[in-house]
Amino acid sequence: MLRTYYSSEIGKDLGGREVTIAGWARNIRDTGKIKFLIVADRTGETQVLGKAGETDAKVLEDMRSVDKEDVVSVRGIVRINEKAPGGKEIIPSAITVLNKAEKPLPLDLNVKSNLDTRLNYRYLDLRRPEVRAIFRVRDVIQRSFVRYLEENGFILVNTPSIVAAATEGGTNLFPISYFDTEAFLVQSPQLYKQILMASGLDKVIIQCPVFRAEEHDTSFHLNESMQMDIEMAFVNGEPEILHYLEGVIKYIYSRLSAECAGEMKILGRDATPPKGIKQITYDEARGIINQESKLEWGDDFTPEMQRIINKKYNPVIVTKWPTDLRAFYSMPEPGNEKICRAYDLLMDGVEISSGAQRIHKHDELVREMKRRGMNPDNFEFYLNAFRHGMPPHGGWSIGLDRLTMVITGMKNVRECVLFPRDRKRLTP
């Protein structure tokens, strides 16, 4: 067998037993009579100790043939040694080089190279424990999101990535050739999850990639990103929708605390769940901003303004936004149509989630589309669902990449995506 145990699975209970590990030769040291080999896998590292007079001469010779980052398999006896890394080591009886790594390596794993180089050789970058920790955290975020909502009666569904029209009425679309017609990569699953609210599947979860042809070049924008969405029907306003937003954030942190304590320690981050998430209105947020900056009513927050808000409340949900700032389907507040029932979640100065209660009446939706200069004929497939019994509904979307960025403390969202896509990067 190439492997019987991962590094993290070797403990004191295996002392004196034979095991086989496999991974990459991370460090090699030869002092003459004693040879040290550190074998790394995705769970950690194990020291292999070869000693003249104790280890077979052929095995010692095999150890000399190993170079850094060669792929190796090691069979041997576990010896508990508190002075060894992780408190254990393996006395080898066989070492097999499964594949040699070409030299020189394009990336020094002991030095943090610039981000472009790391992304060009992502497979090497991921061999560093602190980078793997980011994606273990991301994994737990995704699975915890689904687990919490399924436990609360939501159904996991899938929606198209190829669409015939702009999802949200915008123009920043990636066109593609679709047989004999033009189609687009989806900006959001928004219209489809709303259609499902007329179907009886009245609490749905979606995790999907979305694509926006925006010429951003910032540390928190990508042209392909992952969204985690919900939509729910038969709502009476924002509070019950926001109940699940606060609940899922707390649950994600609780699972990170339980499942990723080691990774969070590597990253120097705290996984303690927030006790609560403060809710303030756009007007209240504007008052906080205007103590340090200047925001005219009806303007959107800049990243600096989001940081100002989070200095006072972190995390925070901002509600009751100016209607013209939000998507056409956002429900205006009855009696005051200048504001609508939309909301954003801000964490560490970054917009993590956005959502709203939606307009659910056909004629009101058409009227709002026309007011914004949109052609309802382009959205017939969407509007049809509102003709045949659409209940009051609403939802939100969390940006998985950004949430991972905030939780792990990274300064650039590209650190939190395996193979990011932006204006300049289409490979690997």
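About the thresholds
Residues numbered from 1 in each chain as written. Predicted model: local features only at pLDDT ≥ 70, side-chain atom pairs only at ≥ 80, totals over all residues. Heavy atoms only, no water. Pairing = 2+ DSSP bridges. Helix = DSSP H or I, 4+ residues; strand = E, 2+ residues; numbered from the N terminus. Axes fitted to C-alpha atoms, helices over the stretch in contact; angles between N-to-C directions. Contact = heavy atoms within 4.5 Å. Parallel < 35°, antiparallel > 145°, perpendicular 65-115°, else oblique. Nonpolar A, V, L, I, M, F, W, Y, C, P; charged D, E, K, R; others polar.

Caption draft 1: Highlighting the sheet that holds strand β4 (residues 71-80). Read around the closed barrel, the five strands follow the order β1-β2-β3-β5-β4; overall the barrel is mixed. In this sheet, neighbouring strand axes are inclined to one another by 50 degrees on average, regardless of whether the strands run parallel or antiparallel. Here helix α1 (residues 57-64) sits on the sheet in contact with β1 (18-30), β2 (34-41), β3 (44-51) and β5 (88-99), set at roughly 65 degrees to β5.

Caption draft 2: View of the sheet that holds strand β9 (residues 181-185). Overall, antiparallel pairing links the three strands, which are arranged β7-β9-β8 in an open sheet. In this open sheet, the two strands that pair with only one neighbour each are β7 (162-163) and β8 (175-178). In the sheet, β7 pairs with β9 via two bridges, with the strands oriented antiparallel. Looking across to β9, one finds that V163 is bridged to F184.

Caption draft 3: Here's a closer look at the packing of helix α8 (residues 282-289) against helix α9 (residues 303-312). Where α8 meets α9, the closest approach of the two axes is 9 Å, and the angle between their N-to-C directions is 95 degrees. Taken together, α8 and α9 sit at an angle that is classed as roughly perpendicular. For the pair formed by α8 and α9, the contact residues are A285, I288 and I289 on the first element and M305, I308, I309 and K312 on the second. When grouped by side-chain class, the residues that make up the contact of α8 with α9 number six nonpolar, no polar and one charged.

Coordinates in, geometry out; function isn't part of it.
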